Amino acid sequence: GNSVTQMEGPVTLSEEAFLTINCTYTATGYPSLFWYVQYPGEGLQLLLKATKADDKGSNKGFEATYRKETTSFHLEKGSVQVSDSAVYFCALSEQNQGGKLIFGQGTELSVKP
Amino acid sequence: DTEVTQTPKHLVMGMTNKKSLKCEQHMGHRAMYWYKQKAKKPPELMFVYSYEKLSINESVPSRFSPECPNSSLLNLHLHALQPEDSALYLCASRDDRSPNEKLFFGSGTQLSVL
């Protein structure tokens, strides 16, 4: 079946450090890939998405590239801020599955000043 | 309006109580979802409604009863819950006219069952 695997957290970084959160997936078809972010006490917000191979999603300084050859969608940011502290979820959605999202386990990021 | 509104934000209930969670969106989305999320875990899909009809039930116990009275509203009726049902319950909606459209999530109802 389809699945998403994320690197374990928590990840603790100093402000302005470089961030990478690894995400790999298993899917039978051609999924769309997403990164969602959840700030404390809130629901999930879409951070970025990519719908086909070699697409790059980007938003608020975060980027991720859909790599079909390595079945990966790693999240990167060049310089993190304290306000980026949150839990990050990688997810996939297959077509004709009613928008059902399959989530990774989530990676908690803590950025220290 | 690009919001999904959930009420109440917090709910404490006993195991014999009956309560309801409410969700509302005015984006014209015809797909609506209920997810359950335990602390520091990913959301787990419970139900999907498409055009006010239940399309997916992920083998959820019958003590959870969803209802979609119209295209803007989604309810989750709770009865005889167990302490292990304590969690954050998230509602989401999606514009299903495009297969790749994102889900919009509400802020959730934090439920505690005593």
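Conventions we followed
Residues numbered from 1 in each chain as written. Chains lettered and ligands numbered in written order. Predicted model: local features only at pLDDT ≥ 70, side-chain atom pairs only at ≥ 80, totals over all residues. Heavy atoms only, no water. Pairing = 2+ DSSP bridges. Helix = DSSP H or I, 4+ residues; strand = E, 2+ residues; numbered from the N terminus. Axes fitted to C-alpha atoms, helices over the stretch in contact; angles between N-to-C directions. Polar contact = N/O pair within 3.5 Å; in protein donor to acceptor, adjacent residues only side chain to side chain. 1 Å grid on protein atoms, 1.4 Å probe; cavity = no way out; pocket = protein on both sides within 12 Å on 5 of 7 lines; lining within 4 Å. Points joined across faces, edges and corners; volume = space filled by probe spheres on them. Salt bridge = Lys/Arg side-chain N within 4 Å of Asp/Glu carboxyl O. Buried < 20%, exposed > 50% of the residue type's maximum accessible area, 1.4 Å probe, protein only.

Enquirer: Teacher, can you tell me more about the sheet that holds strand β3 (residues 18–25) of chain B here?
Expert: As a general point, the strands of a sheet are linked pairwise by backbone hydrogen bonds and lie either parallel or antiparallel. Residues and elements named next belong to chain B. With respect to topology, four strands assemble into an open sheet ordered β1-β3-β8-β7, the strand pairing being antiparallel. The sheet is open, and its two edges are formed by β1 (4–7) and β7 (64–70), each paired on a single side. Pairs of neighbouring strands in the sheet enclose a mean axial angle of 20 degrees, with direction left out of account. Pairing geometry for β1 and β3, over four bridges, is antiparallel.

Enquirer: How should I be thinking about the environment of Thr51 of chain A in this particular structure?
Expert: Here Thr51 of chain A lies in the loop between β6 (44–50) and β7 (56–59). Within the structure, Thr51 of chain A has its side chain in polar contact with the side chain of Asp55 of chain A (distance 3.4 Å).

Enquirer: Explain empty space enclosed by the protein to me, please; I cannot follow it from the model alone.
Expert: One way to see where empty space is left: roll a probe the size of a water molecule over the atoms. All names here are of chain B. Under the criterion given, the structure shown has one cavity of 30 Å³ or more. Within this model, the largest cavity holds a volume of roughly 30 Å³. Surrounding the largest cavity, His29, Arg30, Met32, Tyr49, Tyr51, Glu52, Cys68, Asn70 and Ser71 form its lining.

Enquirer: Explain the pattern of salt bridges here, please?
Expert: Within the structure shown, the criterion is met by eight salt bridges over all chains. Between Glu58 of chain B and Lys100 of chain A there is a salt bridge, with the nearest N and O atoms lying 3.3 Å from each other. Of this pair, Glu58 of chain B sits in the loop between β6 (53–57) and β7 while Lys100 of chain A sits in the loop between β10 (86–93) and β11 (101–103), each in a different chain. On the basis of relative accessibility, which here comes to 32%, the residue Glu58 of chain B falls in the partly exposed class. For the salt bridge of Glu52 of chain B with Arg30 of chain B, the shortest nitrogen-to-oxygen distance reads 2.8 Å. Taken together, the positions of Glu52 of chain B in the loop between β5 (44–50) and β6 and Arg30 of chain B in the loop between β3 and β4 (31–37) put the pair 22 residues apart, joining distant regions of the chain. For Arg30 of chain B, a relative accessible area of 28% puts it in the partly exposed group.

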